[in-house]
Every structure is written in structure tokens, then in C-alpha cells.
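# Reading the structure
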Amino acid sequence: MEDCFFIEDGPIPLKKVMDYIFSRRTFQSISVSNKLKAKIEGSFSHLLKILDDQIPVYGVTTGFGGSCHKSINQDESKNLQENLLSYLRCGTGKFLDYHTSKATLLLRIISLSKGYSGVSPELISHMILFADKGWFPLTPREGSLGASGDLIPLSYLGNILRGEGEIITEKGTFKAAILLKEQNVKPYKFKPKEGLAVVNGTSSMAAYSLINYNYGKFLINLAHICSAWLCLSINGRVEAFGRLVNQKAKLQEGQFGSAKMINSLLEEESYSSTPYKNIKVKNHLMDQLVQDPYSLRCSPQILGPILETFDLVENWLEKEVNSVSDNPLIDEEGQMATGGNFYGGHLSHGMDYLKISLGHLADHMDRQLSLLINGKTNRGLPDNLVYKKELRESERHSHHGLKGLHQCVSALTSEIMAMTIPNGIFSRSSESHNQDKVSLGMSAASQCSDLIDKLFSLTSCYLICLTQALDLRGINLKGKTSNKLYNGVRKVVPLIKRDSPLDSHILELKKELLHLAIRSDDFFIKK
């Protein structure tokens, strides 16, 4: 147990952020270093001095966006902040889940705590109070252009801070006004610029991107186990995962890392393929294949670029988490600057890259399942993985085993592939052509989340087929990782002995996999 999630001037490791979001470690509270507290106080004091000197400040003594040429009297500044939070509350669509909402508040606290936003220490303290109590905004996910920040989603955060709207907790959803009253917490009154500072950042799309990254990384690791299990199930060859192919002859790091993971899983099972010199020829035909189809043999070349893409996105996410996404900015010397740090360009690109990568992953699994399910290519397993042992000879042809799962996977793959088109390329000029180029990072993150949900369903179907094949072969898994996953599948899905409905099994296995993805980040062999 660690008492405090400590925010200091240096970078916060992404792993620590993920530990907080998914409660992998218990943090009793969030705390800001004294150095950052001084920067926060200094930036706020500089803002007040700038206002005293009658210097115009965007979003404080001016209108917002395309209305920035309109002057606002300082006496109206507080009303301006309140009005901002009100007119932005027009989000639509389904709500962000608990973990994404939790991540959103944490990331907004980190950004504002850097001391460049001109907010008061009281605002930071109030936000930390909500986080420590486990109070997070119930937020519709639609409405953000991903530039000028996640204005509409983050307005729901600002709304609960002032005691309005709805709060999501681990125990459910509650009216903010009721919770605050019960806990004797006073609604916050926003000071100059503070309403703008809460909404003018990338924290919603960054939070959603973190959640997607976590689930996607889990799925790519599962894909390596699936490739190893396919090799075991159809008596595949191991040379394709060795050092000659993937390290000596090719210099791509992701490919080598992927091959190393698959090879390690196979070594744990003491699996090896027949040496080439022992392959026999009879009637001009070899008794074994000398190489496998691409979906197995080229797994490192398929999965390797995906691993490297995830590394790239991880780097971007860690930098975004530790950056200030706000406008305008005021530093410790009182210098003020307007810019575009609210623009979610890296997040939009990152989520679009993940969508493309996970589309390849879905197609890869679909192609592998085609090998496994087909009696012409699965090297001795029954068509559709029918369990014939307890079936009478006369009824064997009336059972179709896991044929339906293959059809379901094909349909899911098609739907996933249709979702891989990048969102960022659909930028639209908006808000009186002030926001004339936008990132659509939140849109990319939302669609990536929907894609991932389908990919969990697809993976569940594929794992049911693979465990069926392993049992038909009589393979008892010895490796720690494989054995743990196999037992996890078998906990909710039995060996399918007769044709039966599988929808409830798919759903239960999907829930089990999602639980593993949330609670564990060390389930797999490291590359």
C-alpha cells in the first residue's frame, strides 16, 4: 500500500498512473509537491496582476473562441466562467465508464498542478478532494472536437465541482448536490479563468486513450498466446520463431520481440517440430509440411509492428499525461502566451494507429481460426472441432461443433475492419471557423473503444476454439502463462461435447478477460 499519489515537478511514470486508474495499488490520497504548490500560487498571482494592469486575457476579459474580440468587464468575469460550464453541457451518447472518468479527473489535476494555468490552489485542492472521495463526473462521450480541448466532456467535470450534475462512484451514480450535502462539501465558486482551465484541455481523450491502450496491450499479448497455441494444435513448425529468422536475418525489434514471446511459450511446453532431415517422402509427397501458412508462420512479422506501434503510443501518452494542456498559459516569471496545447493531435494519431493495428490483429485471428476449424488444414483435427468421442457413429455428421463460432468471428472481423478508418482525417471547420482544423481525438478514442469491445468478443470466440483443439489433441499445458489462461477459459467454458448454445459462454469469458485486463499488467511473459 502507498499512502499518496504524489505529483511533483518531474514526470510521473505511466505505470503509476495506470496503477491509480485501475486500483492495482491503493493510494489513500493525491498530493502536490511544495515546489508545484509555489508555482501554482505564483501563476495565479501573476494572473491577478495582469488583470489589475488591465491587460486583456483570453477567456477572462474576452469572449471565447471566435468571440475573443469581444471585451468582457472584469466584474462579469466570474459569471463568464459559470456561463461557459453551462453552455457547454450539451454532450450526447453513452456515458464514459468509471475508470475513464476516474482517469479524466486525475489527468486534469496533473495538468493544472504544473503551475502554468493561472488557477488558484483552492481549485486544485477541491479537485483532489473529489478524487480522494472517489467522485468522478458522469460524462456523455460525444461532443468533443478534440481541439480547444475536450470542452463539452470536461464541462461535466466542472459541473460537479460546483455541486451540479451527476457523480459516478464505485457504488453507482448519484446527484452531485445530494452527495456534497451529505459529506458537508461546499460547491466550488470559480475564480477568473478557472472554468476555462478545467475544460480547455485534452484530459478526456487522454483518459480514454489510456484505457484503450491498456485493453489493447492485453489483447496483443493474448494474440501471442493464441499463435503459440495454434502452433501446438496443428503441429506447426518452430523455425519461424527462432533467432535465425527474427534476429540474425531481420533487424526489426518488434518482430524479434514477438518471435521471442511465441518461442518462449512453446519452449515452456517442451514443443519442437520434426527436424527437416527427418521429414519423409513417399510417392513424391512429403509426410509433413516444411512450412506453415502465413497466418502462423508470419506471426512475428504481423504482430511485431503492432508491438512497436503500442510502444510509440505509450511514449506519446506518457508525455501527454505529464504535459500542460490549457490556454492561455502563464509561467513563473509572469509571461503569458496563447497557443494550442489543447489540440489532441498526438492522441488522435495514437488512437487511429491503434485502430489500424487492432484491425490487423482481428484479421490475423480470423485467418488463424480458419486454419484451425477446417479439417483440410488443421492436420488431423475433426472438422469444426467436433468432439466425436462420445457421439454414436450415426449422429456424428449431425453435429457441427464450433462452426457457429467461426461464422461469428468472421462477422466481427468485418465489423472491426470497417472501424479502422482514421478519424483524424475527417477534421471539420467549426465554431465560426475559429476551430478550423480539429484533431477529433475523442472521436478516435471512442471508436477505438468500440472496436476493442468487439475484439474482446472475437478473442473470446477464438480462445474457446483453441482450448477445444488443445483438449482434442490431449495436450496438457505446462507453461505458467498458458496454464493460467487455459484454466481461466475452462473456469467459464467447458469442453464442448455436443452442439449447444455458446452465447452465454462467450459473454462470461469476455467478462473474465476484461477483468484480467483491468487487474493485471504482469500476466504475460515479457518480450
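Scroll up to find the structure this text is about.
Quick look at the structure, then. (Residues numbered from 1 in each chain as written. Predicted model: local features only at pLDDT ≥ 70, side-chain atom pairs only at ≥ 80, totals over all residues. Heavy atoms only, no water.)

## Some points on the environment of Asp363
In plain terms, the rule: Only DSSP runs of H or I reaching four residues or more are called helices, and only runs of E reaching two or more are called strands; each is numbered from the N terminus.
One can find Asp363 in helix H14 (residues 345-373). In the structure, Asp363 is positioned 46 residues away from Val409 in sequence and 9.5 Å away in space, judged by C-alpha atoms.

## Section: the packing of aromatic side chains
Any two aromatic rings considered together are summarised by their centre-to-centre distance and by the angle between their planes. Worth spelling out the cut-off: Two rings belonging to Phe, Tyr or Trp (six-membered ring only in the last case) form a pair when the distance between their centres is within 6.5 Å. Interplanar angles under 30 degrees mark stacking, angles over 60 mark edge-to-face geometry, and anything in between is tilted. Per-residue accessibility, obtained with a 1.4 Å probe over protein chains only, is compared with the maximum for each type, and a residue is labelled buried under 20%, exposed over 50%, and partly exposed between these values. Sitting over a ring, as applied to charges here, requires NZ of Lys or CZ of Arg to be within 6 Å of the ring centre and within 35 degrees of the ring normal.
Scanning all chains against the criterion turns up 11 aromatic pairs. Between the aromatic rings of Tyr98 and Phe136, the centroid separation amounts to 5.6 Å while the plane-to-plane angle is 75 degrees, which identifies the pairing as edge-to-face. Taken as a pair, Tyr98 in helix H4 (residues 98-113) and Phe136 in strand E4 (residues 136-137) lie far apart in primary sequence, 38 residues in all. Taking the relative accessible area as the measure of exposure, Phe136 reaches 1% and is therefore buried. An aromatic cluster is present here, built from Phe5, Tyr20 and Phe27 joined pairwise through their rings. For Lys16, the ring lying beneath its charged end belongs to Phe5, and the centroid distance is 5.0 Å. The side chain of Lys102 reaches across the aromatic face of Tyr20, ending 4.9 Å from its centre.

## Describing the sheet that holds strand E7 (residues 172-175)
Keep this limit in mind: Here, a strand pair is defined by DSSP locating no fewer than two bridges between the strands.
The strand order across the open sheet built from 3 strands is E4-E6-E7, with neighbouring strands paired in antiparallel fashion. Of all strands in the sheet, those with a lone pairing partner are E4 and E7, marking the two edges. Sheet topology places strand E6 (residues 166-169) next to E7; 4 bridges connect them, and they run antiparallel. Paired with Glu166 across the two strands is Lys175, which belongs to E7.

## Quick notes on the nonpolar core
Definition in use: Among buried residues, the Ala, Val, Leu, Ile, Met, Phe, Trp, Tyr and Cys ones that are joined through side-chain atoms within 4.5 Å form a nonpolar core.
Formed by 145 residues in total, the largest nonpolar core has its most connected members in Phe5, Trp229, Leu361 and Leu372. Here the element with the most residues in this core is helix H9 (residues 203-233); it accounts for 20 residues.

## Considering helix H17 (residues 480-492)
Note the cut-off: Take the number of residues in a helix, subtract one, and multiply by 1.5 Å to get its expected span. Should any heavy atoms of two residues lie within 4.5 Å, those residues are considered in contact.
For H17, which comprises 13 residues, the first-to-last C-alpha distance of 19 Å matches the rise-based estimate of 18 Å (1.5 Å per residue) to within 8%. For H17, the complete set of buried residues consists of Thr481, Ser482, Leu485, Tyr486, Gly488, Val489, Arg490 and Val492. Here the buried face of H17 lies against H9, helix H11 (253-268), helix H16 (441-473) and helix H18 (503-519).

## Observations concerning the side chain of Ser77
For Ser77, the position within the fold is in helix H3 (residues 77-87). On the basis of relative accessibility, which here comes to 3%, the residue Ser77 falls in the buried class. If sequence neighbours within four positions are ignored, Ser77 has contacts with Val60 and Pro192.

## Some thoughts on the pattern of salt bridges
Quick note on the threshold: Any Lys or Arg side-chain nitrogen found within 4 Å of a carboxyl oxygen on Asp or Glu counts as a salt bridge.
Overall, the coordinates contain 24 salt bridges when judged by the stated rule. When the shortest N-O distance is used, the salt bridge between Arg141 and Asp450 registers 2.7 Å. Of this pair, Arg141 sits in strand E5 (residues 140-142) while Asp450 is found in helix H16, placing the two residues 309 residues apart along the sequence. Judged by its relative accessible area of 9%, Arg141 is buried. Residues Arg162 and Glu164 are paired through a salt bridge, measuring 3.6 Å at the closest nitrogen-oxygen approach.

## Comments concerning a nonpolar patch on the surface
Inclusion rule: A patch consists of residues exposed above 30% relative accessible area that lack any salt bridge, with like charges linked at up to 9 Å and nonpolar side chains (Val, Leu, Ile, Met, Phe, Trp, Tyr) linked at up to 5 Å. All accessible-area figures derive from a Shrake-Rupley calculation using a 1.4 Å probe, and residue coverage is judged against the displayed protein chains alone.
A cluster of nonpolar side chains, contributed by Tyr276, Val281, Met286 and Val290, occupies part of the molecular surface with about 390 Å² of accessible area. On the accessibility criterion, Val290 (37% relative accessible area) is partly exposed.

## Observations concerning unusual backbone geometry
In this structure, Pro328 follows Asn327 across a cis peptide bond, with omega equal to -5 degrees. Relative to the assigned elements, Pro328 resides in the loop between helix H13 (299-321) and strand E10 (329-330). At Asn184, a position not held by glycine, the phi torsion is positive, near 55 degrees. You can see Asn184 is positioned in the loop between helix H7 (176-182) and helix H8 (194-199). Positioned with a positive phi, Lys193 is a non-glycine residue whose angle comes to about 75 degrees.

## Observations regarding the packing of H16 against H18
Inclusion rule: Geometry is summarised by axes, namely lines fitted to C-alpha atoms with helices restricted to the contacting stretch, and by angles between N-to-C directions that run from 0 to 180 degrees. Roughly parallel refers to an angle under 35 degrees, roughly antiparallel to one over 145, roughly perpendicular to one between 65 and 115, and oblique to any angle outside these ranges. Crossing handedness follows the turn of the near helix against the far one: under a right angle anticlockwise gives a left-handed crossing, and clockwise gives a right-handed one. When residues are sorted by character, Ala, Val, Leu, Ile, Met, Phe, Trp, Tyr, Cys and Pro go into the nonpolar class, Asp, Glu, Lys and Arg into the charged class, and all the rest, Gly among them, into the polar class.
Their axes nearest at 9 Å, the elements H16 and H18 cross at an angle of 115 degrees. In terms of orientation, H16 lies roughly perpendicular with respect to H18. Where H16 crosses over H18, the two elements pack in a sense that is right-handed. Contacts between H16 and H18 involve Asp453, Phe456, Ser457, Thr459, Ser460, Cys461, Leu463 and Ile464 on the former and, on the latter, Ile506, Leu509, Lys510, Leu513, Leu514 and Ala517. Of the residues in the contact of H16 with H18, the class split is 9 nonpolar, 3 polar and 2 charged.

## Digging into the packing of H9 against H18
As a packed pair, H9 and H18 sit with axes 9 Å apart at the nearest point and diverge in direction by 115 degrees. Classified by the angle their axes make, H9 and H18 are roughly perpendicular. Along this stretch, H9 crosses H18, giving a crossing that reads as right-handed. The segment H9 lies against H18, with Asn214, Tyr215, Phe218 and Leu222 engaging Leu513, Leu514, Leu516, Ala517 and Ile518. For the contact of H9 with H18, the per-class residue count stands at 8 nonpolar, 1 polar and no charged.

## Points about the environment of Asp287
Tracing the chain through its elements places Asp287 in the loop between strand E9 (285-286) and helix H12 (294-297). We classify Asp287 as partly exposed; its relative accessible area is 48%. Along the chain, Asp287 and Ser460 lie 173 residues apart, while their C-alpha atoms are 34 Å from each other. Excluding anything up to four places from it in sequence, Asp287 contacts Ile279 and Lys280.

## As for the environment of Lys280
Position of Lys280 among the secondary structure elements: in the loop between H11 and strand E8 (281-282). When its relative accessible area of 58% is taken as the criterion, Lys280 is described as exposed. With 137 residues separating them in the primary sequence, Lys280 and Met417 have C-alpha atoms 42 Å apart. Setting aside chain neighbours within four positions, we find Lys280 in contact with Leu285, Met286 and Asp287.

## Description of helix H1 (residues 14-21)
A large share of H1 lies buried, amounting to 7 of its 8 residues. Within H1, burial applies to Leu14, Lys16, Val17, Met18, Asp19, Tyr20 and Ile21. Note on H1: the residue one or two positions beyond its end, Ser23, has a positive phi of about 55 degrees.

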